[in-house]
Amino acid sequence: MHLHMDCFSGLSGDMALGALMDLGVPVDWLKEQLTPLLEDRFDITCEQVLKRGIHAVNVTVHDHSHAHHHGDHHHHHALDYRKIRDLIQGSPLKGAVKERALCVFHRIAVAEAKIHGCDIDTVHFHEVGGIDAVADIVGVILALDYLGVTTVSCSPLPLGSGTVTCAHGELPVPAPATLEILKGIPVYGNDAGCEVLTPTGAALAAELTDHFGPMPERVMAAVGYGAGKRETKGLPNLVRMVLCETSESADTVVELSCNIDDMSPEILGHSMETLLHAGALDVWFTPIQMKKNRPASQLSCLCREEDRKHLTEKILSETTTIGIRWQRLSRTTLTRKAITLACPSGEVAAKEVTLPGGSRRITPEYEACKALAEQKGCSLAEIYTEALGAAQALLG
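Residues numbered from 1 in each chain as written. Predicted model: local features only at pLDDT ≥ 70, side-chain atom pairs only at ≥ 80, totals over all residues. Heavy atoms only, no water.

Novice: For the overall build of the protein, give the residues involved together with the corresponding values.
Specialist: Helix and strand counts for the protein stand at 11 helices and 20 strands. Projecting the C-alpha coordinates of the protein onto the three principal axes gives extents of approximately 90 × 55 × 40 Å. The 396 residues of the protein split such that 45% are buried. Relative to all contacts within the protein whose residues are 6 or more apart in sequence, the contacts with residues 24 or more apart total 66%. Looking at the protein as shown, the accessible area adds up to about 20,000 Å², and 52% of this sits on carbon and sulfur atoms. Computing the positive centroid from 35 side-chain charges and the negative centroid from 50, the protein places the two 4 Å apart. (Helix = DSSP H or I, 4+ residues; strand = E, 2+ residues; numbered from the N terminus. Buried < 20%, exposed > 50% of the residue type's maximum accessible area, 1.4 Å probe, protein only. Contact = heavy atoms within 4.5 Å. Areas by Shrake-Rupley, 256 points an atom, 1.4 Å probe, with all protein chains shown as cover. Lys, Arg positive; Asp, Glu negative; His and termini not counted. Charge placed at Lys NZ, Arg CZ, Asp CG, Glu CD.)

Have a look at this one:
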């Protein structure tokens, strides 16, 4: 499924969680998933509310761990980044959920450490809170997993206006950490009169989103609304999330590329094998002309989002480049499956694809034909012809 986040009035962790619950994530299931991580230190309640006549889900995460009353205020013990990391890593959550949650917290910690000039491990999540922040962030990632969301798009983000009171006193909106997290992301100012985008909301949007901009062309399946705690000037304080169908043939890939003019072609050729072996979907070289009239090669590598970091490191260590460009690309692929062709000389692996009109095409695998030709002591052309004949018989 594809999820589009329409953040017309900003985003926070509880707003995101509320919208995902409105899309059908059960609160009891979420509590059950979070209990091994947070034990009895938390509770989640959700209620249906009306914001300017629109039904939405308002989620509240209750921190039972260190909260104590001072008048009408709750004071939370702020966890530091190291404790949060250990808590998530030591939990029985599945690997992909852990990794994504850790990436969100890492974004917040890097921003806070830069703003306050301290070591990343000792960053205290004052503005984000403690157990409630863990429940919000891990809860959102669990909810996406529950709904089967594989890709996310997001509208440009509003920054709010005014001031916010936090552990360091009164600060301008957006909070400095929020602004730091938003580097490279499309944003705009608005006169909401309060903080509409929290560090948690900014980090979730930055980490989860594949593409910022208008909603892509998709078939809508459901719409969910999550409510914020404050009343804002102008638009109602809601986030709208649209769940869409995605055809199996559409997915997102990453293209990595760099220009190299100071490397032996033999070693550069070997880097192609290394990248393919490390999980690249495709690798290719393009001859280019660089400054000082040097003939050079552009190395391009296509990979899945989850392999981007690993393959970037591989290119930086295997080649002489000192920088890599990357971009996300949408691609449409034909539905394919691996089959075996029964030929007179033996079996050959092949690929069967279904064309847009429903007809099928079968292509013998080169390596399989080559291996059989060597085994039988005949030419590759003979085996390939046999395989094409067997494919034709299958297609009728």
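Novice: If you had to explain the environment of Ser155 to someone new, which residues and values would you point to?
Specialist: Of note, Ser155 is situated in the loop between strand E6 (151–154) and strand E7 (157–158). Ser155 gets classed as buried once you look at its relative accessible area, which sits at 9%. For Ser155 and Gly95, which are 60 residues apart along the polypeptide, the C-alpha to C-alpha distance reads 28 Å. In contact with Ser155, not counting residues within four places along its chain, are His4, Met5, Asp6, Cys7, Phe212 and Gly213.

Novice: Quick rundown of the pairing of strand E15 (residues 282–290)? Include the residues and the values.
Specialist: As judged from the 9 bridges shared by E15 and strand E16 (residues 294–303), these two strands associate in the antiparallel manner. Note on E16: the bridge partner recorded for Trp284 is Ser300. Turn length for the E15-E16 hairpin, with the two strands adjacent in sequence and antiparallel, is 3 residues, and the turn residue Lys292 shows positive phi of about 60°. (Pairing = 2+ DSSP bridges.)

Novice: Run through the nonpolar core, naming residues and quoting values.
Specialist: Ranked by internal contacts, the top residues of the largest apolar core, which has 66 residues, are Leu3, Met5, Leu20, Leu34, Val138 and Leu157. When residues in this core are grouped by element, the largest group, 12 residues, is from helix H5 (residues 131–147). For Leu157, the contacting residues outside a window of four places in its chain are Cys7, Leu182, Ile185, Pro186, Val187, Tyr188, Leu197, Ala205 and Phe212. By size, the runner-up hydrophobic cluster in this structure holds 16 residues, among which are Ile260, Met263, Ala280 and Leu299. (Core = buried A, V, L, I, M, F, W, Y, C linked by side-chain atoms within 4.5 Å.)

Novice: Break down the packing of aromatic side chains for me, citing the residues and quoting the values.
Specialist: A complete count under the given rule lists 1 aromatic pair for this structure. With 4.7 Å between their ring centres and 50° between their planes, Trp29 and Tyr146 make a pair best called tilted. Of this pair, Trp29 sits in helix H2 (residues 27–38) while Tyr146 sits in helix H5, placing them 117 residues apart in sequence. Directly above the ring of Trp326 sits Arg308, whose terminal nitrogen or CZ lies 3.9 Å from the centroid. (Phe/Tyr/Trp six-rings, centres within 6.5 Å; stacked < 30°, edge-to-face > 60°. Lys NZ or Arg CZ within 6 Å of the ring centre and 35° of its normal.)

Novice: Explain unusual backbone geometry to me, using residue names and the numbers behind them.
Specialist: Glycine aside, the phi torsion of most residues is negative, and most peptide linkages are trans. Unusually for a residue other than glycine, Lys292 sits at a positive phi of about 60°. The topology assignment puts Lys292 in the loop between E15 and E16. Residue classification places Lys292 among the exposed positions, given a relative accessible area of 68%. Positive phi, normally seen in glycine, also occurs at Asn293, with a value near 60°. Its location among the elements puts Asn293 in the loop between E15 and E16.

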